[in-house]
Amino acid sequence: MPEMVDLEPARQQEIIDLEKAQEGKDYFFLLGLPPGAPIEDVKRAFVDFALKYHPDRYVGLNLGSFRARIERIFRRVSEAHSVLSNPEKREAYLRTNPRLRGKTAPAAAAPGPPIPDEPLAGDEQRRAERQERLTRHPYLARTHRLTELMARSKAAIAKGDFEQAYASLNQLVSLDPKNREAGALLAEVRKKHDDQRARTELQRGIDLENQQDLPKALECYRRASTMDTRNAEAAYRAAKTAKTLGLEWNEIRVHAQRAVDVAPDTVAYRLLLAQVLLDGKAGNLAKRHLEAVLKLEPKNAEATALLRKSRWPF
């Protein structure tokens, strides 16, 4: 069963994959570096890694079993950094693992016969194997994944498919929180995505209301109003449907008030709020809204009758 933790599903999968990829790998691989990478690259790679995986970045979050995974991942990389950034420890490690010297210069030796230009037997095969290993490297794969997600997001935005764009950008930002372009696009797309979903939920609610399924219609109106707080019609319909169903007064008032706040010159919204306020024995407040209706429509019979009621409830 999936854990209920404070991590996006894509982030959870990334952590699981990275922990698995680290098992049995050399220190250069753990830092996302080619064999023999210089100390300066080691330090930079560790800083980049710490910005994303240092356990302190997750303080206060519910991580479940992922806390131990993150700590294991960071502990392995910290050990790799400690060894490869220290010249003495690094040399000792490379003596034990000479294949990891990469393209660094070998230790000084007595002059000998010139080395032939032809590759030694098996060099091409080893080079191909190394290239294939680097291609499967989680960090290189990550870069490819980020590029793919950004291209997919922009294509979806161009088509007006904000749901797909939101999903792709959400994955991208969870993989690369420091990506400013993705963060800005996500904020923009989130608003358009929520507005799009709100319109869809509103229409579903209207369809359900026409089918006389008021409880489900109310759920749609509530969702639409939550997704887009500037959608006055969704708030109005939520208030009206909740009132018809006889639900709790304060919820009805909140929805009705929101509709008026967003569209104060809409007569129907003002009338509904006035009715709700009268039901709640708030006659003075109801009076203000009814007077506003009569300014908009001086001959509105319903507002006139309700205003009379608010003055003389008996």
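Definitions and limits used
One numbering rule holds for all chains: residues counted from 1, following each sequence as written. Side-chain atom pairs in this predicted model are given and counted only at pLDDT of 80 or more, local residue features only at pLDDT of at least 70, and totals for whole chains, interfaces and linings cover all residues. Heavy atoms from the whole structure form the basis of all side-chain values; hydrogens and water molecules are not counted. Helix and strand assignments follow DSSP, with helices taken as H or I runs no shorter than four residues and strands as E runs no shorter than two, numbered in order from the N terminus. Each residue's exposure class comes from its accessible area (1.4 Å probe, protein chains only) as a fraction of the maximum for that residue type: buried when under 20%, exposed when over 50%, partly exposed otherwise. Any pair of residues with heavy atoms lying within 4.5 Å of one another is described as a contacting pair. What a helix is expected to span follows from its residue count: subtract one and scale by 1.5 Å. Here an axis means a line fitted to C-alpha atoms, over the contact stretch when the element is a helix, while the angle between two N-to-C directions is reported on a 0 to 180 degree scale. For any pair of crossing helices, the crossing counts as left-handed if the nearer helix is rotated counterclockwise from the farther one by less than a right angle, and right-handed if it is rotated clockwise. Amino acid classes used here: Ala, Val, Leu, Ile, Met, Phe, Trp, Tyr, Cys and Pro are nonpolar; Asp, Glu, Lys and Arg are charged; the rest, including Gly, are polar. Throughout, nonpolar core names a set of buried Ala, Val, Leu, Ile, Met, Phe, Trp, Tyr and Cys residues whose side chains join them through atoms within 4.5 Å. Residue-level confidence of the predictor is summarised by pLDDT, bounded by 0 at the bottom and 100 at the top. Ring geometry is summarised as follows: Phe, Tyr and Trp rings, the Trp one being its six-membered ring, pair when their centres sit within 6.5 Å, and such pairs are stacked at plane angles under 30 degrees, edge-to-face over 60 and tilted between the two. When a carboxyl oxygen of Asp or Glu is within 4 Å of a side-chain nitrogen of Lys or Arg, the pair counts as a salt bridge.

Participant: What am I meant to see in the overall build of the chain here?
Facilitator: Per the secondary structure count, the chain includes 15 helices and zero strands. For the chain, the proportion of its 314 residues judged to be buried stands at 38%. Across the chain, contacts joining residues at least 24 apart in sequence account for 61% of those joining residues at least 6 apart.

Participant: I would appreciate a short explanation of helix 9 (residues 180-210) in the present structure.
Facilitator: Along an α-helix, a turn takes 3.6 residues, which lines up residues three or four apart on a common side. Its 31 residues give helix 9 an end-to-end C-alpha distance of 45 Å, which sits within 8% of 45 Å, the value for a rise of 1.5 Å per residue. All of the buried residues along helix 9 are Ala182, Leu185, Leu186, Val189, His193, Asp195, Ala198, Glu201, Leu202, Gly205, Ile206 and Leu208.

Participant: Sorry if this is basic, but what is going on with the packing of helix 8 (residues 162-175) against helix 9 here?
Facilitator: Each pair of packed helices can be summarised by the angle the axes make with each other and by the distance between the axes. Packing of helix 8 against helix 9 leaves a shortest axis separation of 9 Å and a crossing angle of 145°. As helix 8 packs across helix 9, the resulting crossing turns out to be left-handed. For the pair helix 8 and helix 9, contact is made by Phe162, Glu163, Ala165, Tyr166, Leu169, Asn170, Leu172 and Val173 and by Ala182, Gly183, Leu185, Leu186, Val189, Arg190, Lys192, His193 and Gln196, respectively. Split into classes, the residues belonging to the contact of helix 8 with helix 9 amount to ten nonpolar, four polar and three charged.

Participant: Quick question: what am I supposed to make of the nonpolar core here?
Facilitator: Proteins that are soluble and globular tend to have nonpolar side chains buried together. Judged by nonpolar contacts, the single largest core of 40 residues is most densely connected at Leu202, Tyr221, Tyr269, Leu271, Leu290 and Ala303. Those elements giving two or more residues to this core turn out to be helix 9, helix 10 (214-227), helix 11 (232-244), helix 12 (249-262), helix 13 (267-279), helix 14 (283-296) and helix 15 (301-311). The element that contributes the greatest number of residues to this core is helix 13, accounting for nine residues.

Participant: What should I look at first to understand the side chain of histidine 193 in this one?
Facilitator: Here histidine 193 lies in helix 9. On the basis of relative accessible area, histidine 193 is assigned to the buried category, the value being 5%. When sequence neighbours within four positions are dropped, the list of residues in contact with histidine 193 reads Phe162, Glu163 and Tyr166.

Participant: What is the right way to read the confidence of the model for the chain from this model?
Facilitator: Reading fine detail from the predicted coordinates is not recommended where pLDDT is low. Per-residue pLDDT for the chain has a mean of 84; in total, 85% of the residues score no lower than 70. Note on residues 104-121: pLDDT under 50 across the span, and three contacts to partners over four residues away in sequence or across chains.

Participant: Looking at this model, I keep getting lost on the packing of aromatic side chains. Mind explaining?
Facilitator: Per the counting criterion, the structure on display carries four aromatic pairs. With 4.5 Å between their ring centres and 20° between their planes, tyrosine 27 and tyrosine 93 make a pair best called stacked. Taken together, the residues tyrosine 27 in helix 2 (residues 27-30) and tyrosine 93 in helix 5 (residues 87-96) connect sequence positions 66 residues apart. The exposure class assigned to tyrosine 27 is buried, which follows from its relative accessible area of 14%.

Participant: Honestly, the pattern of salt bridges in this entry has me stumped. Any pointers?
Facilitator: Opposite charge on two side chains makes pairing possible when the charged atoms of those side chains draw close. If you walk through the whole model with that rule in mind, you get 16 salt bridges. One salt bridge in this structure joins glutamate 148 and arginine 152, with 3.6 Å as the shortest N-O distance. Taken together, the positions of glutamate 148 and arginine 152, both in helix 7 (residues 138-159) and four residues apart, correspond to about one turn of that helix. Of the charged contacts, one joins glutamate 188 and lysine 192 as a salt bridge, the two residues approaching to 3.3 Å between their closest N and O atoms. Placement of the pair is glutamate 188 and lysine 192 together in helix 9, with a separation of four residues, close to one helical turn.

Participant: Sorry, what's going on with helix 8 here?
Facilitator: For helix 8, with 14 residues, the first-to-last C-alpha span of 20 Å sits near the 20 Å given by 1.5 Å per residue. Within helix 8 the residues assigned to the buried category are Phe162, Ala165, Ser168, Leu169, Asn170, Leu172, Ser174 and Leu175.

Participant: Before we go on, may I ask you to explain the environment of leucine 185 in this structure?
Facilitator: Relative to the assigned elements, leucine 185 resides in helix 9. Residue classification places leucine 185 among the buried positions, given a relative accessible area of 17%. When residues no more than four places from it in sequence are discounted, the contact partners of leucine 185 are Met150, Lys154, Ile157 and Leu169.

Participant: Help me out: how do you make sense of the environment of glutamate 19 in this one?
Facilitator: Here glutamate 19 shows up in helix 1 (residues 9-22). Expressed as a C-alpha distance, the spacing of glutamate 19 and arginine 72, which sit 53 residues apart in the sequence, is 7.7 Å. Residues in contact with glutamate 19, not counting those within four places in the same chain, are Arg69, Arg72, Ile73 and Arg76.

Participant: What am I meant to see in unusual backbone geometry here?
Facilitator: Across the chain, the bulk of peptide bonds are trans and the bulk of non-glycine residues have phi less than zero. Phi angles above zero are rare outside glycine, and glutamine 212 is one such case at about 70°. Looking at the element boundaries, glutamine 212 is found in the loop between helix 9 and helix 10. In this structure glutamine 212 comes out as exposed when scored by relative accessible area, which is 64%. With phi around 65°, lysine 281 is a residue other than glycine that occupies positive phi space. By relative accessible area, which is 76% here, lysine 281 ends up exposed.

Participant: Is there a simple way to explain the environment of lysine 309 in this structure?
Facilitator: Mapped onto the elements of the fold, lysine 309 is located in helix 15. It is 8.6 Å that separates the C-alpha atoms of lysine 309 and glycine 283, two residues lying 26 residues apart in sequence.

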